[in-house]
Amino acid sequence: MFNKIIQSLDTIRRFFLNIIFFFFLVFFVLGLIIFPFVANDKPLIEGSILRIYSTNIKENKTNAVFNSTFDLTVSEMIDSINHASENNKVSTLFIDLSYLNISNVSAVELGESFKTFTDSGKKVIAYGDFLDQNQYLLASFADEIVLNPQGLVYLEGFKKYNFYLKDALEKFNIQINTYVAGEFKSAIEIFTRTDMSEEDKLQSISYLNDLWKNWLLIVNTNRASNLSIDINDFINNFSELNNSKTFSPAEISMKYGLIDKVLNKVELREYLLSIEGIEMDYKSNSARFTDIADYYSLIDSDESFPSSIAVINATGEILEGSYQENQISSINISQLIRDIKKDSSIKGLLLRINSPGGSGFASETIRQELLKLKSTGIPIIASMSDIAASGGYWIAADANEIWASPLSLTGSIGVFAILPSIENALNKYGINYDGISTNNFNPSLISSPNENLNNFMQTYVDNAYNDFIEIVSNGRNLSQYQVREIAKGRVWTGNEAKKIGLVNELGTQSEAIEKLAELAELENYNIKYLSIEESFFEILKSNIFNSFLSVFNRLNIFNTNIPNIIKSSNILDKKIINLQMNCMNCLIQ
């Protein structure tokens, strides 16, 4: 009897706890949905400093449910700054770079909007607790660079280092069979070599030097009246610049003109408050600020036009399948492209690419959708960010025009596939793999490929490479001989790519949009940033539930017998021989 009472009380307790949790979940979801639409008071712009926190800058939009209304894409940020440059109520722009994570190309494009702002007679102040190379590149566009006394300007140039796994794989009796088309296609070298090949050294030093030359050109131009030292000397001889040990790294940076002021947070607050025309915020006892996101919300409702240009950000590795965060999903990007045909207001597409490539099948799926859209008369411009190489170039090749930056990396026109074999590793632990087949063709992750399979794989890769050559030849109006000479898996900078015909123009995304409007014969137009918007429950499914499944699957391994292990290893369908068009070479430091 007593046990029944306890059980009843426990049931009632759990019932009420579940009710409370249910209502909490409902209110949480409603809050996520309603909060972005709650009207806020319009900020008082006049007398305030337009402020950008580096954490507010996003390369592209993420999920609609979890995306903060305080985050803007680089393009939205540029639109806001360009608008503010013509707004008489805005006189000063302040950006805190301390936690900035931004690509080189985006830093330059955002920096160009700083120049527009200063050219209108206004002031840009950049601050950092610590300034790394990308942060400093953007800071160089400002009128003043302020550094914390405990910080430093950390510059190192560009470099490329890899781990090479050949000896380790041999030690563990793992064989990696590689199939490559393009002698500069170095992605597989980490499995097959113990050091960098001469071909990889040749192409790497070429594009690294060109990138660094252009980086220096931008910074030296921006800081021409301030710098009193060659930046290469600053990097290579930093310790010698302070032999007496009397200066901090921040003070050395100021001494040689890399920065303008060294101020702690209190001093910075007082300095900003001292700027003419800036009012005090009495709640915080500091200068009054207008956050850039609040400013954008005011201008986002400006005049609308009947025609639009669509912008799709293709960022990350190119993968088959549906939505994955920070990746280019062939299904979702294809859907966005098809949606353009349903919107009669869209007259042109700008495809913004920041990708080292990925799946050959997924790249071709996206390219076919772009060709279909192009056939309807809608012009397409591919605009390259830091990287648009290999599969990233495959999807760009048929655009009406391709634009890049001097700091972009592209090309890597080559194909590879890998087929691991772990049979010897299993044998070492007493696990044997055997069986029979009706045919002499058995692709497997377990056993080593026979001559028939090796020949098939290399032919498969070679045919894909020939297809790549033909696509580039047709898309760029080059002969196949010309393309073969500049392909070979070699990586090129934006400057080099323009000289050899892989790129039409060098310029910013904004300039590419202006050119696209010209192709579409538009004078006035809206810009529509298209992105996949996942629902709350879709995000839960793809991010949380899948994570739980992954954990349970791992745990279940310990309850699995040998036949099931072998069965699970037979994911040996087309995935095993999926062609890869990645530019691992492009992932420089």
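So, here is what we can say about the structure in this document. Sequence order sets the numbering: in each chain, residues are counted from 1 along the sequence as written. Local features in this predicted model are restricted to residues of pLDDT 70 or higher, and side-chain atom pairs are both shown and tallied only at a pLDDT of 80 or more, whereas totals for entire chains, interfaces and linings draw on every residue. Hydrogens are left out, water is left out, and the side-chain values use all remaining heavy atoms of the structure.

1. So, helix α13 (residues 360-375)
1) Next: Elements are defined by DSSP. Helices are runs of H or I of four residues or more, strands are runs of E of two residues or more, and each kind is numbered from the N terminus. Given the number of residues in a helix, its expected span is that number minus one, multiplied by 1.5 Å. The terminal C-alpha atoms of α13, which comprises 16 residues, lie 22 Å apart, in line with the 22 Å expected from a rise of 1.5 Å per residue.
2) Next: Inspection of α13 places Gly360, Ala362, Ser363, Ile366, Arg367, Glu369, Leu370 and Leu373 among the buried residues, and these make up the whole buried set.
3) Next: Polar contacts here mean pairs of N or O atoms no more than 3.5 Å apart (in protein, one a potential hydrogen donor and the other a potential acceptor; neighbouring residues in sequence count only if both atoms are side-chain atoms). Of the residues that open α13, the one with a side-chain oxygen 3.3 Å from the backbone nitrogen of phenylalanine 361 is serine 359.
4) Next: Positive phi shows up at glycine 377, right after α13, with a value of about 100°. For each residue, the accessible area found with a 1.4 Å probe, counting protein chains only, is set against the maximum for its type, and the residue is called buried under 20%, exposed over 50%, and partly exposed in between.

2. Comments concerning the environment of phenylalanine 141
1) Next: Tracing the backbone shows phenylalanine 141 in the loop between α4 (133-139) and β6 (144-147).
2) Next: We call two residues contacting when some pair of their heavy atoms lies within 4.5 Å. In contact with phenylalanine 141, other than residues within four places in its own chain, are Ala107, Val108, Gly111, Glu112, Phe114, Lys115, Ile218 and Asn222.

3. With respect to the packing of helix α2 (residues 74-85) against helix α11 (residues 292-299)
1) Next: Between α2 and α11, the least distance of the axes is 10 Å, while the angle of their chain directions is 75°. The orientation of α2 with respect to α11, classified from their angle, is roughly perpendicular. Contacts between α2 and α11 involve Glu76, Met77, Asp79, Ser80, Ile81, His83 and Ala84 from the first element and Ile292, Tyr295, Tyr296 and Ile299 from the second.
2) Next: By residue class, the composition of the contact of α2 with α11 is seven nonpolar, two polar and two charged. Angles here are taken between N-to-C directions and fall from 0 to 180 degrees, while the axes themselves are lines fitted to C-alpha atoms, restricted in helices to the stretch in contact. Our angle categories are set so that under 35 degrees counts as roughly parallel, over 145 as roughly antiparallel, 65 to 115 as roughly perpendicular, and the remainder as oblique. Classification used: nonpolar for Ala, Val, Leu, Ile, Met, Phe, Trp, Tyr, Cys and Pro, charged for Asp, Glu, Lys and Arg, polar for all others including Gly.

4. Points about the nonpolar core
The nonpolar side chains of a soluble globular protein tend to be buried, and buried together.
1) Next: One finds Ile57, Ile81, Leu110, Phe114, Tyr136, Trp215 and Leu258 to be the most contacted residues of the largest nonpolar core, which totals 62 residues.
2) Next: Once you skip the residues sitting within four places of it in the chain, leucine 258 turns out to touch Tyr136, Ile145, Val153, Leu155, Arg223, Leu227, Ile229, Phe234 and Ser253.
3) Next: As used here, the term nonpolar core means buried Ala, Val, Leu, Ile, Met, Phe, Trp, Tyr and Cys residues forming a set that is joined through side-chain atoms within 4.5 Å. Formed by 53 residues, the second largest nonpolar core is a distinct cluster that contains Ile318, Trp394, Leu478 and Leu502.

5. What about the packing of aromatic side chains?
1) Next: When the centres of two rings from Phe, Tyr and Trp lie within 6.5 Å, Trp using its six-membered ring, the rings pair. Their planes under 30 degrees apart give stacked, over 60 give edge-to-face, and anything left gives tilted. Tallied over the entire structure, the rule returns eight aromatic pairs.
2) Next: Between phenylalanine 158 and tryptophan 212 the ring centres are 5.9 Å apart and the planes differ by 90°, which places this aromatic pair in the edge-to-face class. Taken together, the positions of phenylalanine 158 in the loop between β6 and α5 (166-171) and tryptophan 212 in helix α7 (residues 198-222) put the pair 54 residues apart, joining distant regions of the chain. Both residues of the pair, phenylalanine 158 and tryptophan 212, belong to the buried class.
3) Next: With a centroid separation of 5.2 Å and an interplanar angle of 80°, the aromatic rings of phenylalanine 234 and phenylalanine 238 are classed as edge-to-face.
4) Next: For phenylalanine 234, a relative accessible area of 2% translates into the label buried.
5) Next: Sitting over a ring, as applied to charges here, requires NZ of Lys or CZ of Arg to be within 6 Å of the ring centre and within 35 degrees of the ring normal. Taking the ring centre of tryptophan 492 as reference, the NZ or CZ of arginine 490 above it sits at 4.7 Å.

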